[in-house]
Amino acid sequence: MIRFFSVALAVILSFSAPLASAEAGEASQAAAEQLAGMLRDYQSYQADFIQIVVNENGTQVQETHGRLMAKRPGLFYWETSKPLPQFIVSDGDTVEVYDPDLEQVTIHNLDDRVQTTPALLLSGEVANLNDSYEVYERGVGTRVQEFKLVPRAPDSLFVSLRLSFENGVLQEMRMQDSLGQLSILSFDDIVLNESIEQGAFDLDYPEGVDIIRDAG
């Protein structure tokens, strides 16, 4: 399954030194509210993307090209064109993954862990980010703003996530897993808040493919 839905990038840009506990809690709450406000303004988000995966030694091990669409509440579409085609859609309750080369569709329930997956920040609920993450914010120049999210849950799908915005538009996600592997998702041809028909989030696959339902 695509990395942004399974395990969530070995370079994470440094942020400010840790504050005292009470100050850190207030700073995290303020940053979380600021980030939630920015994301909440995204009623829909469409973009082409390049996803690069770098291992713990800094060696690139994968490059994937594709397109995504997200629409609140809960609708998400992800398509990769190379090196292997794959389609992922979510309706907020389940995720369907279609692998044409395998002639297989896998249907997963969106449990609490998967619902906090970074890609779903574009389509899911963001009101209580501070409950799920420690959030740090910094500005880079006058146009670029970065947020670093560290999951509070010990069994999270990723260790650290960085979101980079330019003039309020999400340009990049960087996610690091527990093995030091870094996934970098860069967006291009971004379209915000344009109407997307509901049917765009329907996964179309031919008859005869194997359908596997994940009971978890």
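The rules behind each value
Residues numbered from 1 in each chain as written. Predicted model: local features only at pLDDT ≥ 70, side-chain atom pairs only at ≥ 80, totals over all residues. Heavy atoms only, no water. Pairing = 2+ DSSP bridges. Helix = DSSP H or I, 4+ residues; strand = E, 2+ residues; numbered from the N terminus. Core = buried A, V, L, I, M, F, W, Y, C linked by side-chain atoms within 4.5 Å. Buried < 20%, exposed > 50% of the residue type's maximum accessible area, 1.4 Å probe, protein only. Contact = heavy atoms within 4.5 Å. Salt bridge = Lys/Arg side-chain N within 4 Å of Asp/Glu carboxyl O. Axes fitted to C-alpha atoms, helices over the stretch in contact; angles between N-to-C directions. pLDDT = per-residue confidence, 0-100.

### Looking at the pairing of strand S11 (residues 182-192)
So, step 1. Bridging between strand S1 (residues 44-54) and S11 involves nine bridges; their strand directions are antiparallel. When the bridges of S11 are listed, valine 54 appears paired with leucine 182.
So, step 2. Across five bridges, the pairing between strand S10 (residues 169-176) and S11 is antiparallel. Considered in S11, the bridge of methionine 175 is made with serine 183.
So, step 3. Hairpin connection between S10 and S11: a loop of five residues separates the two successive antiparallel strands, and glycine 180 in this loop has a positive phi of roughly 85°.

### Looking at the nonpolar core
Burial of nonpolar side chains together is a common tendency in soluble globular proteins.
So, step 1. Core analysis: the biggest nonpolar cluster contains 38 residues, and Leu122, Leu149, Leu163, Phe165, Leu170 and Phe187 have the highest contact counts within it.
So, step 2. Take this core: its biggest share by element is six residues, from helix H1 (residues 21-40).
So, step 3. Excluding its chain neighbours within four sequence positions, the residues that come into contact with phenylalanine 187 are Tyr45, Ala47, Asp48, Phe49, Leu68, Leu170, Gln171, Glu172 and Met173.
So, step 4. Grouped together as the second largest cluster of nonpolar side chains are 12 residues, Val89, Tyr98, Ile107 and Ile196 included.

### Some words on the pattern of salt bridges
For side chains bearing opposite charge, pairing can occur when the charged atoms are close.
So, step 1. Following the criterion strictly, the structure yields five salt bridges and no others.
So, step 2. Aspartate 48 serves as the salt-bridge partner of arginine 67, at 2.9 Å between the closest nitrogen and oxygen. With arginine 67 in strand S2 (residues 60-71) and aspartate 48 in strand S1, this residue pair connects regions lying 19 residues apart in the sequence.
So, step 3. Glutamate 166 is the salt-bridge partner of arginine 143, the closest N and O atoms lying 3.0 Å from each other.

### A few points about the sheet that holds strand S9 (residues 160-166)
So, step 1. Strands sit in the order S7-S8-S9-S10-S11-S1-S2-S3-S4-S5-S6-S12 across an open sheet of 12 strands; the sheet is mixed. Strands at the two margins of the open sheet, each flanked by one partner only, are strand S7 (133-140) and strand S12 (210-213). The mean angle between the axes of side-by-side strands here comes to 15°, regardless of whether they run parallel or antiparallel.
So, step 2. Pairing of S9 with S10, which is carried by seven bridges, proceeds in the antiparallel orientation.

### Considerations on the environment of glutamine 43
So, step 1. Mapped onto the fold, glutamine 43 is located in the loop between H1 and S1.
So, step 2. The exposure class assigned to glutamine 43 is partly exposed, which follows from its relative accessible area of 44%.
So, step 3. The contact partners of glutamine 43, leaving out residues within four places of it in the chain, are Ala70, Lys71, Arg72 and Asn193.

### Things to note about the confidence of the model for the protein
So, step 1. A residue-level look at the protein finds 84% of positions with pLDDT of 70 or above and a mean pLDDT of 83.
So, step 2. When mean pLDDT is taken per element in the protein, S11 scores highest with 96 and helix H2 (residues 112-115) scores lowest with 48.
So, step 3. Per-residue pLDDT stays below 50 along residues 1-20; that stretch engages in 74 contacts with residues further than four places along the chain or on separate chains.

### Looking at the side chain of glutamine 46
So, step 1. For glutamine 46, the position within the fold is in strand S1.
So, step 2. Excluding residues within four positions of it along the chain, glutamine 46 makes contact with Arg67, Leu68, Met69, Asp189, Ile190, Val191, Glu194 and Ile196.

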